[in-house]
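# Geometric and topological summary
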Amino acid sequence: MERTFLAIKPDGVQRKLVGEIIRRFETKGFTLVALKFMNVSRELAQAHYDVHRERPFFASLIDFITSGPVVAMVWEGDGVIASARKLIGATNPLNSEPGTIRGDFGVNTGRNIIHGSDAPETAKNEIALWFKEEELVNWAPEIKGWLYE
């Protein structure tokens, strides 16, 4: 089973969208294997956004993700990375389709509610950055037999 990392950003937490976002992934049939409600340290934020270190918006990314609590999660399922990206919507909410998280709730690129891994290698790295191995719960919900052949 594939895994992906998702984080509900401070704007999503402040706007009380945590339950709605989790509901969408549960309804889709994915399995939650890790969850943390946390404040993000500057060190973790810098490591997470390291790929953007040389870009002019790097400092604002760090300031924003550390401005309030986030909900960090790991989800599991067949094709979960690609499906999560579709559920989330385009980075710029103005380009996101209605029915996606960003299309329904996002206001602008700087306040786009949620982060999701974009590829298997990214997911693997982000999961390891945000969670210890022992924090990942391996379990098989009863519904799996109704979802997968």
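Residues numbered from 1 in each chain as written. Predicted model: local features only at pLDDT ≥ 70, side-chain atom pairs only at ≥ 80, totals over all residues. Heavy atoms only, no water.

The protein chain goes by Nucleoside diphosphate kinase in an unreviewed UniProt entry, where it is assigned to Dulcicalothrix desertica PCC 7102. Here is the UniProt Sequence similarities (unreviewed entry) comment for the protein chain, exactly as written: "Belongs to the NDK family." Regarding the protein chain, the UniProt comment filed under Subunit (unreviewed entry) reads as follows: "Homotetramer." (UniProt positions renumbered as here; feature names shortened; annotations may be inferred.)

Counted according to the given criterion, the structure contains three aromatic pairs. An aromatic cluster is defined as three or more aromatic residues linked by ring pairs; in this entry it consists of F5, W130 and F131. The side chain of K36 reaches across the aromatic face of F131, ending 4.9 Å from its centre. (Phe/Tyr/Trp six-rings, centres within 6.5 Å; stacked < 30°, edge-to-face > 60°. Lys NZ or Arg CZ within 6 Å of the ring centre and 35° of its normal.)

Bringing the pairing of strand β1 (residues 2-8) into the picture now. Of all seven residues in β1, six are buried, a share of seventy percent or more. With three bridges joining them, β1 and strand β4 (residues 114-116) adopt antiparallel strand pairing. By the bridge assignment, I8 is partnered in β4 with I114. (Buried < 20%, exposed > 50% of the residue type's maximum accessible area, 1.4 Å probe, protein only. Helix = DSSP H or I, 4+ residues; strand = E, 2+ residues; numbered from the N terminus. Pairing = 2+ DSSP bridges.)

This part is about unusual backbone geometry. Residues other than glycine seldom take positive phi values, yet K16 does so here, at roughly 60 degrees. With respect to the helices and strands, K16 occurs in the loop between α1 (10-14) and α2 (18-28). Given a relative accessible area of 73%, K16 falls into the exposed group. Notably, I113 is not glycine yet its phi reads approximately 75 degrees, a positive angle. With respect to the helices and strands, the residue I113 is situated in the loop between α6 (101-105) and β4. Residue I113 is classed as buried on the basis of its relative accessible area, which comes to 0%.

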